[in-house]
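One letter stands for each residue in the lines below.
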Amino acid sequence: MCIKPDEARKHFDNMLNDGTVSRLVFARVKGPLGDLMYRFKGEYKTDKEAANYETGAVHKRIATRVKTYPSFLQEVIMFFGIRLVLKFSHE
């Protein structure tokens, strides 16, 4: 039960009208040694058609893996590839 239903409705409307519909979700878990860790759960997209005031926001998982930056191997290939291009262009 919401304490301030007017504010909740306004927040819900803003969330649905906002351009951000994709979210990366992490679960906070306790590790085997008692330390806190965050496990990646996936990329979720807001389902605007299924969301309503009674059930709330609905998010559907669209990916279990997300490419956030190039791998080390890709960086090495890019580095040497650029050097080879520069070497051949100066000859």
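Before reading on, note that the structure itself is shown above.
Small disclaimer: the values here were computed from a predicted structure and weren't measured.

Asks: Sorry, what's going on with the side chain of T46 here?
Replies: Mapping T46 onto the fold places it in strand β2 (residues 36-46). Judged by relative accessible area, which is 7%, T46 ranks as buried. Within polar-contact distance, the side chain of T46 engages the side chain of H59 at 3.3 Å. Every residue in contact with T46, bar those within four places of it in the chain, is listed here: L16, V21, R23, V58 and H59.

Asks: Looking at this structure, I do not really get the packing of aromatic side chains. What am I missing?
Replies: How two aromatic rings sit relative to each other is given by the distance of their centres and the angle of their planes. The final tally for this structure, using the stated rule, is two aromatic pairs. Here the aromatic rings of F12 and Y53 are separated by 5.3 Å at their centres, their planes lie at 50°, and the arrangement is tilted. Of the two residues, F12 sits in helix α1 (residues 5-17) while Y53 sits in the loop between β2 and β3 (59-63), which places them 41 residues apart along the sequence. Relative accessible area serves as the criterion here: at 11%, F12 is assigned to the buried category. Judged by its relative accessible area of 40%, Y53 falls in the partly exposed class. Residue placement shows R9 over the ring face of Y53; its charged tip is 3.8 Å from the ring centre.

Asks: Got a minute to help me understand the sheet that holds β3 in this structure?
Replies: Within a sheet, each strand pairs with its neighbour through backbone hydrogen bonds, oriented either parallel or antiparallel. Strands sit in the order β1-β2-β3 across an open sheet of three strands; the sheet is antiparallel. Strands at the two margins of the open sheet, each flanked by one partner only, are β1 (22-30) and β3. Direction aside, the axes of adjacent strands within the sheet are offset by 50° on average. Here four bridges tie β2 to β3, and the two strands are oriented antiparallel to one another. Of the residues in β3, the one forming a bridge with E43 is A63.

Asks: Help me understand the pairing of β2 in this model?
Replies: Along any regular strand the residues' side chains alternate between the sheet's two faces. In the sheet, β1 pairs with β2 via nine bridges, with the strands oriented antiparallel. Pairing of V29 across the sheet is with M37, part of β2. Here β1 hands over to β2 after five residues, with G34 in that stretch at a positive phi of 90°.

Definitions and limits used
Residues numbered from 1 in each chain as written. Predicted model: local features only at pLDDT ≥ 70, side-chain atom pairs only at ≥ 80, totals over all residues. Heavy atoms only, no water. Helix = DSSP H or I, 4+ residues; strand = E, 2+ residues; numbered from the N terminus. Buried < 20%, exposed > 50% of the residue type's maximum accessible area, 1.4 Å probe, protein only. Polar contact = N/O pair within 3.5 Å; in protein donor to acceptor, adjacent residues only side chain to side chain. Contact = heavy atoms within 4.5 Å. Phe/Tyr/Trp six-rings, centres within 6.5 Å; stacked < 30°, edge-to-face > 60°. Lys NZ or Arg CZ within 6 Å of the ring centre and 35° of its normal. Pairing = 2+ DSSP bridges. Axes fitted to C-alpha atoms, helices over the stretch in contact; angles between N-to-C directions.

No statement about biological role is implied by the geometric values presented.
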